[in-house]
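Notes for the structure review
Chain by chain, the residues:
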Amino acid sequence: MRKLNMDELGRKTIDEFKQAAKNPVVVVLDNIRSMHNVGSVFRTADAFLMEGIALCGYTPQPPHRDIHKTALGATETVNWLYVPTTMEAVQQLKTAGYKVYGIEQTVGSISLENFAPPAGEKIAVVFGNEVEGVNQEVLALCDGCIEIPQQGMKHSLNISVAAGIVLWHLAYGNGTAHNSTI
C-alpha cells in the first residue's frame, strides 16, 4: 500500500468548494462549550459538503485560534451564521422549509441506521451541549429525534464524534450521497 499524495486526493480549492453542490443539511450547534468541538464540526461539515452551520447561544464563533486549530481552514469554506438562541435557529429553519431533527436519546427517537430522509428534503440536525445535550425546549420544536445506537456502559458520545457519525450517515449511509445545488 502507498499513501496518496495531496494531488491524488482531489482536494477542492476554496472557490471550488463554495461552488460545489452541497448536501441539503444544516448543522445546528446548541450551546457548545468547547472551541475544539466547534472546529471539529466545521472540519466534518467540510469533509461531507454540508450546506452550513448555525452557531447558537454561547457556542464559540470564528475567528479564534482554538477553533482554527481543529477546523484546519474549514471556517473559510463552510457557510456559517450566529443565531442568539437555538430556538430562533430552529424556528428560522422550519420557516425556510427544513425538517429539524434533534440528535438525542428520547422516547420515540429513530435509530440512526433506520433514518433516511426523503430525497430532496432539506434537513437540519441539532447537536447539544457537552453536558446537558439538546435543550428540552428545542426538542419540543423538532420534527423528530435521531439516536446513535450504543451498546457500552456509557450512552453518550463527544459532540464532535456524534457529528462525524451522523453527518457521514446523512451523506453516505444509504449508499448514495444526495447533493443539492443549495
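The rules behind these values
- Think of each chain on its own: its residues are numbered from 1, step by step along the sequence as written.
- Residues qualify for local features only when their pLDDT is at least 70, as the model is predicted, and side-chain atom pairs are given and counted only at 80 or more; totals for whole chains, interfaces and linings, by contrast, use all residues.
- The basis for every side-chain value is the complete set of heavy atoms in the structure, and neither hydrogens nor water enter the calculation.
- Salt bridge, as applied in this entry: a Lys or Arg side-chain nitrogen positioned within 4 Å of an Asp or Glu carboxyl oxygen.
- Buried means the residue's accessible area, taken with a 1.4 Å probe over protein chains only, is under 20% of the maximum for its type, while exposed means over 50%, and partly exposed covers the values in between.
- For two strands to be treated as a pair, DSSP must find no fewer than two bridges joining them.
- Numbering of helices and strands runs from the N terminus; a helix is a DSSP stretch of H or I covering at least four residues, while a strand is a stretch of E covering at least two.
- Note on contacts: a residue pair is in contact if any heavy atoms of the two residues lie within 4.5 Å.
- Simply put, an axis is a line fit to the C-alpha atoms, just over the touching stretch for a helix, and the angle between two N-to-C directions goes from 0 to 180 degrees.

This paragraph deals with the pattern of salt bridges. Following the criterion strictly, the structure yields 4 salt bridges and no others. The salt bridge involving Glu8 is made with Arg2; its shortest N-O contact spans 2.7 Å. Residue Glu8 is classed as partly exposed on the basis of its relative accessible area of 39%. On the basis of relative accessibility, which here comes to 58%, the residue Arg2 falls in the exposed class. In this structure, Asp66 engages Arg65 in a salt bridge whose closest nitrogen and oxygen atoms are separated by 3.8 Å.

Taken in spatial order, the 7 strands of this open sheet run β3-β2-β1-β6-β4-β7-β5, and their pairing is parallel. Two strands lie at the open edges of the sheet, namely β3 (80-83) and β5 (110-111), each paired on one side alone. The strands touched by helix α3 (residues 35-47) are β1 (23-30), β2 (50-56) and β3; relative to β2, the strand with the most contacts, the crossing angle is about 165°. On top of the sheet, helix α5 (residues 86-95) reaches β1, β2, β3, β4 (99-103) and β6 (123-127); it is set at about 160° to β1, its chief contact.

A few words now on the pairing of β4. β4 sits mainly inside the fold: 4 of its 5 residues count as buried. Two strands pair when backbone bridges link them, and β4 and β6 are joined in this way by 4 bridges, in the parallel orientation. Within β6, the position partnered with Lys99 by the bridge is Ile123. Of the strand pairs in this sheet, β4 and strand β7 (residues 144-147) are connected by 3 bridges, and their pairing is parallel. Of the residues in β7, the one forming a bridge with Ile103 is Ile146.

Take it as geometry only, folks, not as evidence of what the structure does.
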